[in-house]
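Architecture and fold: a report
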Amino acid sequence: MTERLYLSDSMLSAFDATVLSCEPQGDGYLIELDRSAFFPNKGGQPCDVGTIGDAAVTDVNEHGERLLHRTDRAVAVGAAVHCELNFARRFDIMQQHTGEHLLSYCAWHLFGAQNVGFHCALTYATLDLDKPVGHEGITEIETLANRLAAENAAVTATIYETEEDLKGIPLRKHAEGLTAPIRIVTIEGSDACTCCAPHVRRTGEIGQLKIIEAIPYKGGTRCTFLCGMRALRHAQTMQDTVSAIALRFSTARDQAEAAVQKQSEDLSNAKRELRQAYAALDEYLAKALMQDAEDVNGCRLIVRVLEHVDAKRLRTLAGATMNGRALTVLFSDTGERVSYLLASNGIKPDTGLLIGAVNTALSGNGGGRGTLAQGSAKRPSDLPEIAEQLRGYFRNVLLHE
Ligand SMILES: [Zn+2]
């Protein structure tokens with residue numbers, strides 16, 4: 001059994017121990033010590049990493065009662081070893097975890113919302129509340145949490161040996177189903193909660209607490225939050241982002257949102273005007289197509305290459321040529337690609353079959369059925385010549401219909 005040093009001293013970053021066992025596993029080793037300050041993957045948070053002697057500790061897990069440190073090299077059983085934690089990582093995780101207790105207390109205190117889930121990753125942490133609290137509620141929770149953090153209250157862990165001892169403790173979450181001994185982490189003046197993990201010593205050490213996202217989750221709320229340096233880095237990134245947007249709009253940071261809003265409205269107006277302009281242009285184009293049409297065996301045949309006309313406009317243009325027996329084949333040349341559309345009215349051949357000739361001529365992909373088919377291909381350098389050859393082919397089809 002390993003003495004868990006982190007239970008009584010969360011700030012212990014280095015310690016001496018004796019190696020109880022060292023077993024090879026995969027490309028590393030699993031080491032058990034007589035005492036350890038390494039906290040394992042547990043309680044929703046990642047483990048500590050660091051060193052045992054010269055060996056790097058990359059993972060720590062509980063296997064039943066055993067605490068096993070995964071290392072990159074072996075250490076002799078019975079050896080006395082000096083061990084060190086990556087304490088920057090440990091302290092950062094403690095800031096998030098104590099921050100989670102404080103935010104959870106505030107959600108419970110203000111709205112009666114219970115914490116029903118916690119996950120701490122290396123760049124963000126989430127806590128789940130069992131009810132919706134709304135945007136303003138989130139602001140209230142984080143504001144109260146930051147005020148309580150600034151009061152720099154003591155954070156202590158106490159182990160209660162019997163359930164009887166627990167009776168007078170105002171726990172945020174009921175300890176029903178838990179059997180003593182139970183470890184309670186208390187924030188002086190506010191929170192008391194069962195917890196197995198190491199915590200900072202005073203709430204001031206959490207630094208700033210910031211909820212950066214709150215989304216509906218399983219009927220409640222999932223809050224993503226950052227504490228300490230994570231919150232600072234987030235603020236720096238957000239400031240850089242807003243500054244970049246403001247610079248692009250040549251405006252002050254606090255005017256950036258209004259500038260984006262105005263550009264969005266300008267864009268909507270421009271799109272509407274463009275649609276109107278295209279509609280007018282397409283009326284003329286449709287008339288020009290009709291004038292270019294040739295009569296083949298009592299059927300109007302149109303084959304035409306257009307430039308930069310999107311699929312929707314191609315359909316509209318072709319549709320405008322569909323009175324009487326007709327076959328219209330339109331190509332849209334965008335320089336890199338060519339898209340094409342076949343529309344027919346009152347003729348026997350199915351456009352789904354006729355498009356096969358276009359696919360073959362352009363090495364393209366296209367299909368359809370009945371009176372409409374469309375496809376696209378890489379634009380060949382001799383597109384106009386190919387279109388003329390296809391005109392001859394379709395003329396022939398109509399002649400022998
Ligand atoms: Zn906890």
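Note that the structure is predicted; figures quoted are calculated from it, not measured. Residue indices follow the written sequence of each chain, beginning from 1 at its first position. Since the coordinates come from a predicted model, pLDDT governs what is reported: local features require at least 70, and pairs of side-chain atoms require 80 or more to be given and counted, while whole-chain, interface and lining totals use all residues.

Bringing the overall build of the protein chain into the picture now. Every helix listed is a DSSP run of H or I at least four residues long, and every strand listed is a run of E at least two residues long, numbered separately from the N terminus. Secondary structure assignment for the protein chain yields eight helices and 21 strands. Radius of gyration means the value over C-alpha atoms here, while the globule rule gives 2.2 Å times the residue count to the 0.38 power. Relative to the globule expectation of 21 Å for 401 residues, the C-alpha radius of gyration of the protein chain, 36 Å, shows a markedly less compact shape. Each principal axis of the C-alpha distribution contributes one length, and for the protein chain these read about 100 × 50 × 45 Å. The burial criterion counts other C-beta atoms lying within 10 Å of a residue's C-beta, which is placed from the backbone; the residue is buried at 20 or more, exposed at 12 or fewer, and partly exposed between these limits. Among the 401 residues that make up the protein chain, the fraction classed as buried is 32%. Here the contacts in the protein chain between residues at least 6 apart in sequence split such that 57% fall between residues at least 24 apart. Each residue is represented by a C-beta atom placed from its backbone, and any two residues with such atoms within 7 Å are regarded as in contact.

What follows concerns the domain arrangement of the protein chain. Domain start and stop positions are those given by an automatic or database domain assignment. Assigned domains within the protein chain: domain 1 (3–85), domain 2 (91–237) and domain 3 (290–399). Summarising the inter-unit geometry, the C-alpha centres of domain 2 and domain 3 are found 66 Å apart.

With that settled, the discussion passes to helix H5 (residues 256–292). A helix is expected to span 1.5 Å multiplied by its residue count minus one. Over its 37 residues, H5 extends 52 Å from the first C-alpha to the last, a length consistent with the 54 Å expected when each residue adds 1.5 Å. The element H5 is largely exposed, with a buried count of one among its 37 residues.

Next up on the list: unusual backbone geometry. Despite not being glycine, Lys-218 has its phi angle at roughly 50°, a positive value. With respect to the helices and strands, the residue Lys-218 is situated in the loop between strand S14 (209–217) and strand S15 (220–227). We note that His-308 has phi near 50°; this positive angle belongs to a residue other than glycine. Looking at the secondary structure, you find His-308 in the loop between strand S17 (299–307) and helix H6 (311–319).

A few words on the nonpolar core. Leu-102, Leu-103, Cys-106, Ala-107, Ala-145, Leu-209 and Phe-225 are the most contacted members of the largest nonpolar core, which has 33 residues in total. The contact partners of Cys-106, leaving out residues within four places of it in the chain, are Ile-141, Leu-144 and Ala-145. We define a nonpolar core as a collection of buried residues of the types Ala, Val, Leu, Ile, Met, Phe, Trp, Tyr and Cys that are connected via C-beta atoms lying within 7 Å of each other.

The criterion for strand pairing is that DSSP finds at least two bridges linking the strands in question. Taken together, six strands build a closed barrel; the order of strands is S2-S3-S7-S6-S5-S8 and the barrel is antiparallel. With direction set aside, neighbouring strand axes in the sheet form an average angle of 45°. Pairing geometry for strand S2 (residues 14–25) and strand S8 (residues 80–85), over five bridges, is antiparallel. Along S8, the bridge assignment pairs Asp-16 with His-82. All axes here are fitted lines through C-alpha atoms, helices being fitted over the stretch that makes contact, and every angle between N-to-C directions spans 0 to 180 degrees.

Here we take up the packing of helix H7 (residues 351–362) against helix H8 (residues 383–399). Packed helix pairs are specified by the crossing angle of their axes together with the interaxial distance, meaning the distance between the axes. Remark: H7 packs on H8, axes separated minimally by 11 Å, with the N-to-C direction vectors making an angle of 155°. Comparing the axis directions of H7 and H8 gives the class roughly antiparallel. Crossing geometry of H7 relative to H8 is assigned as right-handed. Residues Leu-354, Ala-357, Val-358, Ala-361 and Leu-362 of H7 lie in contact with H8, whose contacting residues are Ile-386, Gln-389, Leu-390, Tyr-393 and Val-397. Taken together, the residues that form the contact of H7 with H8 break down as nine nonpolar, one polar and no charged. We call two directions roughly parallel when the angle between them is under 35 degrees, roughly antiparallel when it is over 145, roughly perpendicular when it lies between 65 and 115, and oblique otherwise. By the definition used in this description, the sense in which the near helix is turned from the far one sets the handedness, with an anticlockwise turn below a right angle giving left-handed and a clockwise turn giving right-handed. For this classification, the nonpolar set comprises Ala, Val, Leu, Ile, Met, Phe, Trp, Tyr, Cys and Pro, the charged set comprises Asp, Glu, Lys and Arg, and every other residue, Gly included, is treated as polar.

Take the packing of H5 against H6 next. Contact geometry for H5 and H6: axes closest at 9 Å, N-to-C directions at 45°. By the angle between their directions, the pair H5 and H6 is classed as oblique. Between H5 and H6 lies a crossing of right-handed hand. Where H5 approaches H6, its residues Tyr-278, Asp-282, Leu-285, Ala-286 and Leu-289 are matched on the opposing element by Arg-313, Thr-316 and Leu-317. Split by residue class, the contact of H5 with H6 holds five nonpolar, one polar and two charged.

Quick look at the environment of Gln-208 now. Residue position: Gln-208 is located in the loop between strand S13 (192–194) and S14. Assessed through the 20 C-beta atoms surrounding it within 10 Å, Gln-208 is described here as buried. The spatial distance from the C-alpha of Gln-208 to the C-alpha of Asn-146 is 6.3 Å, given a sequence separation of 62 residues. Contacts of Gln-208, omitting those with residues within four sequence positions, involve Asn-146, Cys-227, Ala-231 and Leu-232.

Once that is clear, we can look at the pairing of S15. Pairing of strand S10 (residues 125–129) with S15 involves five bridges; the strand directions are antiparallel. Bridging across to S15, Leu-129 finds its partner in Thr-221. The turn linking S14 back onto S15 is made up of two residues, and Lys-218 within it adopts a positive phi angle of 50°.

What follows deals with the sheet that holds strand S19 (residues 337–345). Within a beta sheet, neighbouring strands are joined by backbone hydrogen bonds and run either parallel or antiparallel to one another. Ordered by their spatial adjacency, six strands build an open sheet running S16-S17-S18-S19-S21-S20, and the pairing between neighbours is mixed. The open sheet has two edge strands, strand S16 (294–296) and strand S20 (365–369), and neither has a second partner. Within this sheet the neighbouring strands show an average axis-to-axis angle of 15°, counted without direction. Relative to strand S21 (residues 372–378), S19 is paired through seven bridges, and the arrangement is antiparallel. Of the residues in S21, the one forming a bridge with Arg-337 is Lys-378. Together, strand S18 (326–333), S19 and S21 form the strand contacts of H6, whose direction differs from that of S19 by roughly 30°.

This part takes up the environment of Met-94. Relative to the helices and strands, Met-94 is located in helix H1 (residues 87–111). According to the C-beta neighbour criterion, Met-94 is buried, with 27 such atoms within 10 Å. Between the C-alpha atom of Met-94 and that of Glu-140, which follows or precedes it by 46 residues, the distance is 23 Å. Apart from the residues lying within four places of it in its own chain, the contact partners of Met-94 are Ser-10, Pro-198, His-199 and Val-200.

Turning next to the environment of Arg-35. With respect to the helices, strands and loops of the structure, Arg-35 is situated in strand S4 (residues 35–36). The partly exposed category is assigned to Arg-35, around which 16 C-beta atoms lie within 10 Å. Put simply, Arg-35 and Glu-3 are 32 residues apart on the chain and 4.3 Å apart in space, counted from C-alpha to C-alpha. For Arg-35, the residues in contact, after removing those within four places along its chain, are Thr-2, Glu-3, Leu-5, Phe-15 and Ala-17.

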